[in-house]
Amino acid sequence: MMSWAEQKKNEDKPKGPDDFFKPVKELEQTSGMKVMVFGDSKVGKTYFSLTFPPPIFVVDTEMGSKKVADIHFKGKEIKVFETLALDPNSDQADPIRSIDQAEQSLLSLGKLEGNEGTIVIDSITDIWLWIQQWLDTVAKKRTKDNNQPYRFEWTKAQKRFRNIIMRLLTKPQHMVLCAQTQEKYDSGKASGTYVPHSYRQSPHWVDYLIRIAKAADLTQKPPKTVYEATLAECRFSRTLDMK
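Residues numbered from 1 in each chain as written. Predicted model: local features only at pLDDT ≥ 70, side-chain atom pairs only at ≥ 80, totals over all residues. Heavy atoms only, no water.

## Some thoughts on the pairing of strand E5 (residues 174–179)
Phase 1 of the analysis: Most of E5 is tucked away: six of the six residues are buried.
Phase 2 of the analysis: Of the two faces of E5, the one carrying His174, Val176 and Cys178 and the one carrying Met175, Leu177 and Ala179 are both buried.
Phase 3 of the analysis: Sheet topology places strand E1 (residues 34–38) next to E5; five bridges connect them, and they run parallel. Across the sheet, residue Lys34 finds its bridge partner in E5, namely Met175. (Buried < 20%, exposed > 50% of the residue type's maximum accessible area, 1.4 Å probe, protein only. Helix = DSSP H or I, 4+ residues; strand = E, 2+ residues; numbered from the N terminus. Pairing = 2+ DSSP bridges.)

As structure tokens, this is what we get:
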């Protein structure tokens, strides 16, 4: 057994690359799949998220996960926290309390035992919108013409959102972020391209970016509605037209 002096000497010894870097084959897989799925309403984003391995923990901003689980996933271990909070005086959504509750529920998952399961945020669009509304209450520097927060104030919103996602990325469980769509604008003009309605860096943090959309199967009479999932981005493949 090393003495305290020997341990201290080893700690103070200059470290080399081998003290930090390990061959890939020696590293353990400590993180599950990280997925963002986006699409218009009623295209199956919630259903898709609940197909992941249990136990599933859903931070639900839209009050819809329980209904989908009751109908399609009877007996599956799915636990839901409905984070939407209402202002008791106006009966309107309270974004400040809602985002605070969402963060607290996600922090509680740090006490999960084991590496199995899935964490779902449905939807990450609401989380980002609530954070923006929170910023509107805490921003100290505003423009004189329209009283909007200065651009540098937005780093507060970005930091809060980023912290939420980074905590999830480090967890061993799978992660699914459900997002609504928004049209991308180039130089102030609509591009016809649709992207997840979330903080713009979000797609770069996930392994898979999947878009779900409705389509008509014209081979059926009458035409039948089908649901298509398109792999828009993938960290592990350069082929992006898979369905």
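## Considerations on the nonpolar core
Phase 1 of the analysis: If you look at the biggest cluster of nonpolar residues, it comprises 30 residues, and the most contacted ones within it are Ile121, Ile124, Ile127, Ile131, Phe161 and Leu177.
Phase 2 of the analysis: Counting residues per element, the ones that place at least two in this core are E1, strand E2 (56–60), helix H4 (95–108), strand E4 (118–122), helix H5 (124–138), helix H6 (154–169) and E5.
Phase 3 of the analysis: Of all the elements, H5 adds the most residues to this core, at seven residues.
Phase 4 of the analysis: If we skip the residues at most four places from it in the chain, Ile127 touches Thr61, Ile99, Ala102, Ile121, Phe161 and Ile164.
Phase 5 of the analysis: In this structure, Phe52, Val58, Ile212 and Cys234 belong to the second largest nonpolar core, which totals 18 residues. (Core = buried A, V, L, I, M, F, W, Y, C linked by side-chain atoms within 4.5 Å. Contact = heavy atoms within 4.5 Å.)

## Structural notes on unusual backbone geometry
Phase 1 of the analysis: Here the bond from Asp122 into Ser123 is cis, since omega is 20°, no more than 30 degrees from zero.
Phase 2 of the analysis: For Ser123, the position within the fold is in the loop between E4 and H5.
Phase 3 of the analysis: A cis amide bond links Lys221 with the next residue in sequence, Pro222, at an omega value of -5°.
Phase 4 of the analysis: Within the secondary structure layout, Pro222 lies in the loop between strand E8 (208–217) and strand E9 (224–234).
Phase 5 of the analysis: Phi angles above zero are rare outside glycine, and Met63 is one such case at about 60°.
Phase 6 of the analysis: The phi dihedral of Asp91 falls on the positive side, at around 65°, and the residue is not glycine.
Phase 7 of the analysis: For Asp91, a relative accessible area of 57% puts it in the exposed group.

## Some thoughts on the pattern of salt bridges
Phase 1 of the analysis: All chains considered together, the criterion is met by five salt bridges.
Phase 2 of the analysis: Salt-bridge contacts for Lys66 lead to Asp70; the nearest nitrogen and oxygen are separated by 2.6 Å. Taken together, the positions of Lys66 and Asp70, both in helix H3 (residues 65–72) and four residues apart, correspond to about one turn of that helix.
Phase 3 of the analysis: Among the charged side chains, a salt-bridge network with shared partners connects Asp100, Glu103, Arg160 and Arg167. (Salt bridge = Lys/Arg side-chain N within 4 Å of Asp/Glu carboxyl O.)

## Quick notes on the pairing of strand E3 (residues 78–82)
Phase 1 of the analysis: Bridging between E2 and E3 involves five bridges; their strand directions are parallel. Residue pairing for E3: Ile56 is matched across the bridge by Ile78.

## Some remarks on the side chain of Ser202
Phase 1 of the analysis: Along the polypeptide, Ser202 turns up in the loop between strand E7 (189–196) and E8.
Phase 2 of the analysis: Here the side chain of Ser202 touches Tyr199 through a polar contact of 2.7 Å, landing on its backbone oxygen.
Phase 3 of the analysis: In this structure, Ser202 is in contact with Met36 and Phe161, ignoring residues within four places of it in sequence. (Polar contact = N/O pair within 3.5 Å; in protein donor to acceptor, adjacent residues only side chain to side chain.)

## A closer look at H5
Phase 1 of the analysis: Look at H5: 21 Å from first C-alpha to last across 15 residues, which is about the 21 Å you get at 1.5 Å a residue.
Phase 2 of the analysis: Among all positions of H5, only Ile124, Thr125, Asp126, Ile127, Trp128, Trp130, Ile131, Trp134 and Leu135 are buried.
Phase 3 of the analysis: The elements touched by buried residues of H5 are E1, H4, E4, H6 and E5. (Expected span 1.5 Å × (residues − 1).)

## Description of the packing of aromatic side chains
Phase 1 of the analysis: The full count for this structure, using the stated rule, is seven aromatic pairs.
Phase 2 of the analysis: Both rings, one in Tyr47 and one in Phe73, keep their centres 5.1 Å apart while their planes meet at 45°; by these two values the pair is tilted. Taken together, the positions of Tyr47 in helix H2 (residues 45–49) and Phe73 in the loop between H3 and E3 put the pair 26 residues apart, joining distant regions of the chain.
Phase 3 of the analysis: A relative accessible area of 41% places Tyr47 in the partly exposed class.
Phase 4 of the analysis: Measuring from centroid to centroid gives 5.5 Å for Phe48 and Phe52, while their planes differ by 75°, and the two rings are edge-to-face.
Phase 5 of the analysis: Residue Phe52 is classed as buried on the basis of its relative accessible area, which comes to 8%.
Phase 6 of the analysis: By way of ring pairs, the aromatic residues Trp128, Phe161, Tyr199 and Trp205 are connected into one cluster. (Phe/Tyr/Trp six-rings, centres within 6.5 Å; stacked < 30°, edge-to-face > 60°.)

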